[in-house]
Amino acid sequence: MTSPSPFTYFIADLHLSADRDDINQCLFEFLKNQAPKADALYVLGDLFEVWIGDDEQNSFTLSIAAAFKALSVKGIPVYFIHGNRDFLLRQKFAKQAGFTILPEQKVINLYGQPTLIMHGDELCTQDVEYQKFRKTARSWWWPKIMLSLPLSIRRKLAKKARATSKNKQAKLTMEIMDVTQAAVIASMEEHGVKRLIHGHTHRPAIHKFEINGQNVERIVLGDWYEQGSILKVSSTSIALTSVEL
């Protein structure tokens, strides 16, 4: 009897919050029963609906940290890449959760296949206004200023920012909020890869196309608003699956 092939899990865009216990419980179930069977787990950004700093310690954030930590102490490495909602997450929470924080773009050796992983918001180049904000928010000084503010002020700013973002998204076309093929190709060529895995757009799919005559693929992770969305990759297969909340 042959043993099952080793595999790795990828998730993104869970948008966890204290208001969505259904999503939280779905994650807890996944971390307890499925994730321990994997070689590793990669979280590609927007784990939280909003993250205003590691000093925001409460029963909700601590429960999420504990669930991931329980996985990591079993010897399953957990890697995290910042998203556009949780780019202020720092080493304090990473240590609590057993995360290893990776750069915004990282090439990993995925069973012999060099694979570029990222959150994916940098690929949405048609949204010029957001890209300008992203550049500022990822600078060395902006997070430092934000994290120096009292928690109460950060909470108010975050609430206002979410309302503004929702209003803006309602006016944008899906094409503007999606990735551009030129940005995808440029990133894959820059890193010399034939496979890209990302989240952010909430459009789970496996896109196959060509770059300079070579077959390549872009795998998009789904969000967790209406179901749990999980990518399972082994040396022989790729599967985008969903779990009921």
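Residues numbered from 1 in each chain as written. Predicted model: local features only at pLDDT ≥ 70, side-chain atom pairs only at ≥ 80, totals over all residues. Heavy atoms only, no water.

## A word on the overall build of the protein
Moving on, step 1. When you go through the protein residue by residue, the secondary structure sums to 8 helices and 11 strands.
Moving on, step 2. A compact globule built from 245 residues would reach a C-alpha radius of gyration of about 18 Å, and the protein, at 18 Å, matches this within 12%.
Moving on, step 3. C-alpha extents for the protein along the principal axes are approximately 55 × 40 × 30 Å.
Moving on, step 4. Expressed as a percentage of its 245 residues, the buried residues of the protein come to 47%.
Moving on, step 5. At a minimum sequence separation of 6, the contacts of the protein that also span at least 24 residues come to 67%.
Moving on, step 6. Split by element, the accessible area of the protein, about 12,400 Å² in all, is 54% carbon and sulfur. (Helix = DSSP H or I, 4+ residues; strand = E, 2+ residues; numbered from the N terminus. Rg over C-alpha atoms; globule rule 2.2 N^0.38 Å. Buried < 20%, exposed > 50% of the residue type's maximum accessible area, 1.4 Å probe, protein only. Contact = heavy atoms within 4.5 Å. Areas by Shrake-Rupley, 256 points an atom, 1.4 Å probe, with all protein chains shown as cover.)

## A word on the sheet that holds strand E7 (residues 195-198)
Moving on, step 1. With mixed pairing, the 5 strands of this open sheet are ordered in space as E5-E6-E7-E9-E8. Unpaired on one side and paired on the other, strand E5 (105-110) and strand E8 (205-211) mark the two borders of the sheet. Strand-to-strand, the axes of this sheet are offset by a mean angle of 25 degrees, without reference to chain direction.
Moving on, step 2. Bridge count for E7 against strand E9 (residues 214-220) is 4 bridges, and the pairing is parallel. Among the inter-strand pairings, Arg-195 is bridged to a residue of E9, identified as Glu-217.
Moving on, step 3. Each of E5, strand E6 (113-118), E7, E8 and E9 is contacted by helix H8 (residues 181-191), which is oriented at about 70 degrees to E8, the strand it contacts most. (Pairing = 2+ DSSP bridges. Axes fitted to C-alpha atoms, helices over the stretch in contact; angles between N-to-C directions.)

## Observations regarding the nonpolar core
Moving on, step 1. Leu-27, Leu-41 and Phe-68 are the most contacted members of the largest nonpolar core, which has 38 residues in total.
Moving on, step 2. Among the secondary structure elements, those contributing two or more residues to this core are strand E1 (7-11), helix H1 (21-34), strand E2 (41-43), helix H2 (59-72), strand E3 (78-80), helix H3 (91-97) and helix H5 (141-148).
Moving on, step 3. In terms of residue count, H2 provides more of this core than any other element does, 6 residues in total.
Moving on, step 4. Residue contacts for Leu-41: discarding those within four places in its chain leaves Tyr-9, Ile-11, Phe-30, Leu-31, Phe-68, Leu-71, Ile-76, Pro-77, Val-78 and Tyr-79. (Core = buried A, V, L, I, M, F, W, Y, C linked by side-chain atoms within 4.5 Å.)

## Re the environment of Lys-32
Moving on, step 1. Within the fold, Lys-32 resides in helix H1.
Moving on, step 2. Taking the C-alpha atoms as reference points, Lys-32 and Leu-116, 84 residues apart in sequence, are found 27 Å from one another.

## Some details on the pattern of salt bridges
Moving on, step 1. Tallying each qualifying case throughout the model produces 13 salt bridges.
Moving on, step 2. Where Glu-104 meets Arg-138, a salt bridge forms, and the shortest distance between an N and an O atom there is 3.0 Å. Here the residue Glu-104 occupies a position in the loop between strand E4 (99-101) and E5, and Arg-138 occupies one in the loop between helix H4 (128-137) and H5, the gap between them amounting to 34 residues.
Moving on, step 3. For Glu-104, a relative accessible area of 30% puts it in the partly exposed group.
Moving on, step 4. Its relative accessible area of 22% is what places Arg-138 among the partly exposed residues.
Moving on, step 5. Between Glu-122 and Arg-134 there is a salt bridge, with the nearest N and O atoms lying 3.7 Å from each other. Taken together, the positions of Glu-122 in the loop between E6 and H4 and Arg-134 in helix H4 put the pair 12 residues apart, joining distant regions of the chain. (Salt bridge = Lys/Arg side-chain N within 4 Å of Asp/Glu carboxyl O.)

## Section: the pairing of E8
Moving on, step 1. In terms of strand pairing, E8 meets E9 through 7 bridges, oriented antiparallel. Bridge pairing in E9 links Ile-206 to Ile-219.
Moving on, step 2. Linking two consecutive strands that pair antiparallel, namely E8 and E9, is a turn of 2 residues; a positive phi of about 55 degrees is found at Asn-212 within it.

## Topic: the sheet that holds E4
Moving on, step 1. Taken in spatial order, the 6 strands line up as E4-E3-E2-E1-E10-E11 in an open sheet, and their pairing is mixed. Strand pairing shows two members of the sheet lacking a second neighbour, E4 and strand E11 (238-244), which therefore form its edges. Each neighbouring strand pair of the sheet contributes to a mean axis angle of 25 degrees, computed without reference to strand direction.
Moving on, step 2. Across 3 bridges, the pairing between E2 and E3 is parallel. Paired with Leu-41 across the strands is Val-78, a residue of E3.

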